[in-house]
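Commentary on secondary and tertiary structure
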Amino acid sequence: MRNLIKQIYSDSDQCDLLLGVVDAVDGLTTHFDREYVKQCELGKRDYRELYQAMADNGLLGLGIPEQYGGMGGGVTAAVLLSDLLGQKGLASLSQILSAFSRHAILMHGTEEQIQSYVVPTITGQKSFCIMATEPDAGTNTFAITSRAKKEGDVWLLNGQKTFITQADTADYGLVITRTEESQGGDKRTAGISLFVLDMKSKGIERQKLNISLGRSEDTQWHVFFDDVELPHDALVGSEGKGMAVMFDALNPERFLVAALALGFSEFVLNKTLDYVKQRAPFGKPTGSYQAIQHPLANNRIHLDAARLMLYQGTKIYDTGGEA
Ligand SMILES: Cc1cc2nc3c(=O)[nH]c(=O)nc-3n(C[C@H](O)[C@H](O)[C@H](O)COP(=O)(O)OP(=O)(O)OC[C@H]3O[C@@H](n4cnc5c(N)ncnc54)[C@H](O)[C@@H]3O)c2cc1C
C-alpha cells in the first residue's frame, strides 16, 4: 500500500497523511484481528471496542477538515481506512455509514449543522445511517415517494424506507425524501430534499429484515414514518434542490463501499494463498499446480487494477474533478 500511495500521491500534500494512516491501522490491527471478530460474534467482545479505538487514534476524523477537529485527507483518507481494515478482515458497513452521510452535511450544511451532527462523529459519540431506498425506489432514487410536508414551523415526514443498515443503533438518519410530488420525466430530480433525522423521534417504527451479512452489527431494517416531526433546521441544503446534496453522500458511498469490497477481497486472496501453500493432499502443495496459480494470479491483477482505479478516482474527486 505504501508504494501505491507514493506512486499516486507523490505530488500531493496528502501523501504523508495517507502513509500515517497505513501506520496507524497497522498499529491498531495488532490489537484487533479476525479472532476479535469471532469473539464479537460469540458475544464475548463488542464491535464498539474497535470503533472506539479508531476514534481514539483520530481515524474517525479522516475526511473531516482540521478546522472541525478532524484529520483532513478528504474522501481518499476515509477510503484508505476502509480498504486497510478490509485487508485485515475487519471492515464493516458501520465504519463507512457515518463517513459518507456526514460528507453531504459538510458540503451543504450550515455551520450549526456541522457542529451539531458532524463533529460528534469524530469521537464516535454519534453515528449515522442513510435512508434512501424505498420498496419501489432502489437504483432509481428519484422514484421515492416518502414525503415531508411543511406544517407551520416543522416538517412532518411520512412513508417507508427499506434495507436501512443500522437503523436500530444509529443516532441520526440522513433522510432522502420528497418535499414536492414527482413531476416525472426531466423534472423527476426536482422536489427532493435531505434532512437529518433524530432516530429517537416519535413516529418511527422499525422491522428487522431477515438477511445476514455475516456480522451481527450490520443489520438491515424496514423503517416506517408516521407524522415524524423534523424541526425546520433539520433541512440540509435548499428545499427541493437536494440532488447535489444527495450525490455528495452517494458518490463518497460508492468509493467507500468499493474500498470495503476491495480490501476484503484482498483478505480472502491472502487467506487462499496461505491455504494453497500448505494444503498438500497428494504430497505437493495445491498451489504448486498451474491450474490453481493462474486464477489466483488473475485475481491479483484484477485487484491491483481496481485499486489503482479507486485511488485515481478519489484523487480526482477530492480535487474537485469529475470522478
Ligand atoms: C446489505 C445491504 C445494505 C443496504 N443498506 C442500505 C442503507 O443503509 N440505506 C439505503 O438507503 N439503502 C440500503 N441498501 C439498499 C441498496 O441501496 C439497494 O439495494 C440498491 O440501491 C439497489 O436497489 P434495489 O435492490 O431496489 O434494486 P433495483 O433498483 O430493483 O435493481 C435490480 C437490478 O436491476 C439493475 N438495474 C436497475 N436499473 C437498471 C437499468 N436501467 N439498466 C440496467 N440494469 C438496471 C440493478 O443494477 C440491479 O442489479 C442496502 C442494500 C443491501 C443489500
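Located above this text is the structure these notes cover.
As a starting point, this report considers the structure included with it.

Here is what the cut-offs are and how they apply
- Residues numbered from 1 in each chain as written.
- Predicted model: local features only at pLDDT ≥ 70, side-chain atom pairs only at ≥ 80, totals over all residues.
- Heavy atoms only, no water.
- Near = heavy atom within 4 Å.
- Polar contact = N/O pair within 3.5 Å; in protein donor to acceptor, adjacent residues only side chain to side chain.
- Areas by Shrake-Rupley, 256 points an atom, 1.4 Å probe, with all protein chains shown as cover.
- Helix = DSSP H or I, 4+ residues; strand = E, 2+ residues; numbered from the N terminus.
- Nonpolar A, V, L, I, M, F, W, Y, C, P; charged D, E, K, R; others polar.
- Expected span 1.5 Å × (residues − 1).
- Buried < 20%, exposed > 50% of the residue type's maximum accessible area, 1.4 Å probe, protein only.
- 1 Å grid on protein atoms, 1.4 Å probe; cavity = no way out; pocket = protein on both sides within 12 Å on 5 of 7 lines; lining within 4 Å.
- Points joined across faces, edges and corners; volume = space filled by probe spheres on them.

1. Here's the deal with the site of the ligand
- Taken together, Ile-130, Met-131, Ala-132, Thr-133, Gly-138, Thr-139, Phe-163, Ile-164, Thr-165, Leu-213 and Gln-220 form the complete shell of residues around the ligand.
- Within the contact set of the ligand, an oxygen atom lies 2.8 Å away from a backbone nitrogen or oxygen of Ala-132.
- Here an oxygen atom of the ligand and a side-chain polar atom of Thr-139 are 2.4 Å apart.
- Within the complex, the protein chains bury 41% of what would otherwise be the 980 Å² of accessible surface of the ligand.
- Those elements giving two or more residues to the shell around the ligand turn out to be strand S1 (128-131) and strand S3 (154-165).
- Take the shell around the ligand: its biggest share by element is three residues, from S3.
- Its residues assigned to classes, the shell around the ligand comprises six nonpolar, five polar and no charged.

2. Section: helix H6 (residues 93-108)
- For H6, built from 16 residues, the straight-helix expectation of 22 Å at 1.5 Å per residue is met to within 8% by its first-to-last C-alpha distance of 23 Å.
- Counted residue by residue, H6 has 13 buried out of 16 residues, so it is predominantly covered.

3. Some words on empty space enclosed by the protein
- Applying the stated criterion to the full structure yields two cavities of 30 Å³ or more.
- Along the walls of the largest cavity sit 14 residues, with Leu-60, Leu-81, Gln-95, Ala-99 and Arg-102 positioned nearest its centre.
- The set of elements that each furnish at least two residues to the lining of the largest cavity consists of helix H5 (74-87) and H6.
- No other element matches H6, which puts five residues into the lining of the largest cavity.
- In terms of lining, the second largest cavity is formed by Leu-62, Gly-63, Ile-64, Val-75, Ala-78, Ala-99, Arg-102, His-103, Leu-106, Pro-252 and Leu-256.
- Elements represented by at least two residues in the lining of the second largest cavity include exactly H5, H6 and helix H8 (243-278).
- Ranked by residue count, the leading element in the lining of the second largest cavity is H6, at four residues.

The analysis is restricted to geometry; functional conclusions fall outside its scope.
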